[in-house]
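What follows is each chain in one-letter form.
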Amino acid sequence: MEPIEQIRSAQKLPPQIRLTPGEAEWFDRTASGPLVRVPNLPFAVTPYYIDLAGDSPADPVRRQCVPTAGEWDIRPGEEADPLYEQRYSPLPRLIHRYANRVLVLTTDQCPVYCRHCFRRYFTGGGARGNSNPGGSITAAEMKEIAAYVRNRREIREILFSGGDPLMLSDRKLLRTMELARKTGDDTVLRLCTRAPVTWPQRITPELAEGLAQLRPLWTVTQYNHPKELTAESRSAAETLISAGIPVANQTVLLRGINDDPDVLARLFHDLLTLGIKPYYLFQGDLAPGTSQFRVSLDKAFAIVERLQNLLSGLSMPQFAVDLPGGGGKVRLSRESVEFFSDGRYHIRSMEGELFSYPEED
Ligand SMILES: *Cc1c(COP(=O)(O)O)cnc(C)c1O
Ligand code: SF4
């Protein structure tokens, strides 16, 4: 594995990225000292991913990775930890929100910090008052998590998330996952990583071989636009699949980036041709400073309805939202809205409680 190369300042950006005033403001104010408004997700991008971004500020790759001052536009209802993950954290780095599966925060680092990231209370160093330690997981922490899982027979799946677990070395990642494998031969391991999209060079045949030893294991990635399916990225996905590791994809619905049924239909069909199952399409979470990316739920429903006509059952992901306030994930359609009042959609959680999601103004 080659060490990661990251661009972390405006000065190091390639010449075709001429910053707009809004982008420049983010870099200037971040460089000039601590911000009053936290969390401030850091900037980092791989040379590969920034080279994909065109010279237009509207480019779908550029908007996902180059920050703007719009990130300090914090809207009412936005919360540092919109899914209340810290309330569901019985151990450091462990989130146990659903009875049968747990999520491990392996590291707070990522190859590229996605400007729409909902876990910015933790990712990239996180916010003040975050209850989870930064940096990467220790063997002792993972052993404790494995013991927790072993004591609860109902836990069938362990998700490795973060941050991006592929920021760990092969050795550390595989050792961590081996500890999880010891919880039982039929525990399904899920590696949640954006590296096939943002740093495809990370997916080597050696890594895929090592991961294949840990099966049953799935990879879940996050392609948001057909432009991200480059030759390098396709080859990364093929390396995993040909080693016997299935790949699924979660797309985040992002305003001005992929909120177009034709773009999404092309993405989901292209993923299917590669052997990647489109798994979820997510409505944006109420993370601070991300309103610029959120699509109105009314428009989102129209996009999904159109997609149902454009796509096969296999290429169509489930449209879902993580209900703000800790309601958990629910599948969404117009039918799942119980009522609309005061600019909010009222939706029942899987546990039967009513939560609400705001319409964008
Ligand atoms: C999304 C999520 C999962 C996985 O849910 P699936 O519907 O199985 O993909 C598990 N734990 C947490 C905390 C999650 O947010
Ligand atoms: S890779 Fe995932 S955790 Fe990292 S910034 Fe992107 S969305 Fe957030």
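Shown above is the structure to which this text applies.
Residue positions are given per chain, counted from 1 along the sequence in the order it is written. A letter from A marks each chain and a number from 1 marks each ligand, given out in the order of writing. The predicted nature of this model means local features are confined to residues of pLDDT at least 70 and side-chain atom pairs, given and counted, to a pLDDT of 80 or more, with totals for whole chains, interfaces and linings taken over all residues. Excluded from the side-chain calculations are hydrogens and water; all other atoms, namely the structure's heavy atoms, are used.

(A) Local environment of the sheet that holds strand β11 (residues 344–348). Here, a strand pair is defined by DSSP locating no fewer than two bridges between the strands. Note on conventions: DSSP H or I runs of at least 4 residues are helices, E runs of at least 2 residues are strands, and numbering of each starts at the N terminus. Reading across from one edge, β10-β11-β12 is the order of the 3 strands in this open sheet, with antiparallel pairing throughout. At either margin of the open sheet sits one strand with a lone partner, and together these are β10 (337–341) and β12 (354–358). The sheet shows a mean angle of 30 degrees between the axes of neighbouring strands, direction not considered. Taken together, the 5 bridges between β11 and β12 define a ladder with antiparallel strand orientation. Counterpart to Arg348 in the pairing with β12 is Leu354. Here the axes come from fitting lines to C-alpha atoms, over the contacting stretch only for helices, and the angles between their N-to-C directions go from 0 to 180 degrees.

(B) Seen up close, the site of ligand 2. Throughout, the term near means that a residue has one or more heavy atoms lying within 4 Å of the molecule or strand in question. Around ligand 2 sit Cys110, Val112, Tyr113, Cys114, Cys117, Thr123, Gly163, Arg194 and Gln222, and that is every residue in its neighbourhood. Three categories are distinguished: nonpolar for Ala, Val, Leu, Ile, Met, Phe, Trp, Tyr, Cys and Pro, charged for Asp, Glu, Lys and Arg, and polar for the others, with Gly belonging to the last. A per-class count over the shell around ligand 2 returns 5 nonpolar, 3 polar and 1 charged.

(C) Structural detail: the nonpolar core. Counting 84 residues, the largest nonpolar core has Tyr49, Ile50, Phe160, Met177, Leu211, Leu307 and Phe319 as its most contacted members. Residue contacts for Leu307: discarding those within four places in its chain leaves Pro261, Leu264, Ala265, Phe268, Leu281 and Met316. Among the nonpolar cores identified, the runner-up in size contains 7 residues, and Ile95, Leu105, Phe122 and Leu159 belong to it. Among the buried residues, those of types Ala, Val, Leu, Ile, Met, Phe, Trp, Tyr and Cys that are joined through side-chain atoms within 4.5 Å form a nonpolar core. Only protein chains enter the accessibility calculation, which uses a 1.4 Å probe; a residue whose area is less than 20% of its type maximum is buried, one above 50% is exposed, and one in between is partly exposed. The criterion used for residue contact is that any of the two residues' heavy atoms lie within 4.5 Å.

(D) Representation of the sheet that holds strand β9 (residues 328–331) in the model. Strand order in this open sheet of 9 strands is β1-β2-β3-β4-β5-β6-β7-β8-β9, and the pairing throughout is mixed. Two strands in the sheet have a free side with no partner beyond their single neighbour: β1 (94–98) and β9. The average undirected angle you get between the axes of adjacent strands in this sheet is 25 degrees. Pairing between strand β2 (residues 101–105) and strand β3 (residues 157–161): 5 bridges, direction parallel. The partner of Arg101 across the bridge, within β3, is Glu157. Packed onto the sheet, helix α5 (residues 170–181) meets β3, β4 (188–192) and β5 (217–221) and runs at close to 150 degrees relative to β4.

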